[in-house]
Every structure is written in C-alpha cells, then in structure tokens.
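# Reading the structure
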Amino acid sequence: MAQILYPSLKHYKMAAAQLMAGDLVALPTETVYGLAALADNQAAVKKIYTVKSRPKNKLLPHIALSKKVAQKLAIISPLAHSLMDRYWPGPLTLVLPKNGKNGETIALRHPATGWAKAFASMGFDTPLVLPSANTSGLSAPITAAQVNQDIGNKISLIIDGGTVHGTASTILKIEGTKITLLRAGALSPEKLAGFSVAFQE
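Quick caveat, the model's predicted, so the values are computed rather than measured. (Residues numbered from 1 in each chain as written. Predicted model: local features only at pLDDT ≥ 70, side-chain atom pairs only at ≥ 80, totals over all residues. Heavy atoms only, no water.)

For the rest of this paragraph, the subject is the overall build of the protein chain. Secondary structure assignment for the protein chain yields seven helices and ten strands. Scaling as 2.2 N^0.38, a compact globule of 201 residues should have a C-alpha radius of gyration of about 17 Å, and the protein chain matches this with 16 Å. In terms of principal-axis extent, the alpha carbons of the protein chain reach across some 55 × 35 × 35 Å. Counting every position in the protein chain, which comprises 201 residues, the buried fraction comes to 49%. (Helix = DSSP H or I, 4+ residues; strand = E, 2+ residues; numbered from the N terminus. Rg over C-alpha atoms; globule rule 2.2 N^0.38 Å. Buried < 20%, exposed > 50% of the residue type's maximum accessible area, 1.4 Å probe, protein only.)

Right, here's the structure in full:
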C-alpha cells in the first residue's frame, strides 16, 4: 500500500521529489483528493490513466501554481486574468484555449492547499495533472483512507490532509468575454454571474 504522510514541509518536499522522479502522488485539495503526476512526463501521465482505468479520450485537468505557468499552457483573456485574480488559489477550474493548439482547450486550476503553497515556495513550477484520486466511475475520495483503499496499492505516496469538502471545483469555459458554466461546484453560479456582469460593465 501507499505510504501515508501528514502535511509538513518535509513531506511536501518528499512528494515533490517523487513527482519529479515520475511517480504518482495523491494530494488533498479543498474539494477532493487528486492524483498528481508531472504533466510533461508522458510515462507518468500514462500511469494515471492505467491506475484510474480512465478512458483514453478523457483529458486530464492541469494544475498551474502561478499565472506564469498558466500562460505557458493557455491563452489567457482579460476575463480569465480577472477570474484568476479573484478566485485563485481556490476551487475554480478554467477551460481555456490551449497555447499553440488551434481549437484545443485545456482545463487549469490552482488549488488553495498547503502543498500548493509549499511547492510554489520551493520554485516547483512544473505543471501537474490532477484528476480525482479514484478508479473511474467511483465516488471522488474525501479522505486519505478512501484513496488508500481504492488505489493505494498502485501509487507510492498519499499526503493526508484530513477530510476535505467533497464538493468538486466549479468549471467555467472562457471564450473572450463569454463565460459558460460547464459544472456547478464549490463556487455558486450566482456569484460568478455577478462577476461576469461586473467585468463586462
């Protein structure tokens, strides 16, 4: 089974080192537990699909721990910039045009968690992929024990952040000044609708 460690700078450094080595690490977010891998390590990304039994045509959400990283991955409109300023770090996923890929999109998020803050302070600016840490089709885990029971024999490390909220992130697709709600989640549609109107005014 996976090694389960409590949150600390030492353990965050261990998690970062294992990710850099191509391993998978389960990390808590303010919504659910996620399964992390380096986004630019194709072997590690492939492991995520295998561990989760995830359909190959289902894309993975990315984690960008700074705007600088986000700008390398996506074309960020003024509206997207404003949403990032208001709600990042936090439970908001933005679907944006992918840099250098006409017609393709990428889902980006910056979770409000201790490990994300620690990674950024270490200068860890490599994008991650972070789908929920469960077998596809099962409920997303809200405790380290649930992760361990489901996929603990297939990954190396779980950071135990206690019981998390359980409500998935809100997903918005941004096209110019247009916001499309793709998934209702931790941020209320009313709050986001108000933001959109205020921005366009």
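Mapped onto the secondary structure, Thr-170 falls in strand 9 (residues 170–175). Not counting residues up to four positions away in its chain, the partners in contact with Thr-170 are Pro-91, Leu-92, Thr-93, Leu-181, Arg-183, Ala-184, Gly-185, Ala-186, Leu-187 and Leu-192. (Contact = heavy atoms within 4.5 Å.)

Turning our attention to unusual backbone geometry. In this structure, Pro-89 follows Trp-88 across a cis peptide bond, with omega equal to -10°. Along the chain, the position of Pro-89 falls in the loop between helix 4 (78–87) and strand 5 (92–97). Despite not being glycine, Ser-53 shows a phi value in the positive range, around 55°. Tracing the chain through its elements places Ser-53 in the loop between helix 2 (42–52) and strand 4 (62–63).

Bringing helix 2 into the picture now. Buried within helix 2 are the following residues: Ala-44, Val-45, Ile-48, Tyr-49, Val-51 and Lys-52. Just downstream of helix 2, Ser-53 is the residue with a positive phi angle, here 55°.

Below, the discussion takes up the sheet that holds strand 10 (residues 178–183). Sheet architecture is open: ten strands sit in the order 1-8-2-3-7-4-6-5-9-10, paired in mixed fashion. Two strands close off the open sheet at either side, each with one partner strand: strand 1 (3–5) and strand 10. By the bridge criterion, two bridges tie strand 3 (residues 33–38) to strand 7 (residues 128–129) in an arrangement that is antiparallel. What sits directly across from Leu-38, in strand 7, is Leu-128. Sitting on the sheet, helix 1 (residues 9–20) is in contact with strand 1, strand 2 (25–28), strand 3, strand 7 and strand 8 (157–159), with an inclination near 140° to strand 8. Lying on the sheet, helix 2 is in contact with strand 3 and strand 7; it crosses strand 3 at an angle near 150°. (Pairing = 2+ DSSP bridges. Axes fitted to C-alpha atoms, helices over the stretch in contact; angles between N-to-C directions.)

Remember, this is a structural readout, not a statement about activity or role.
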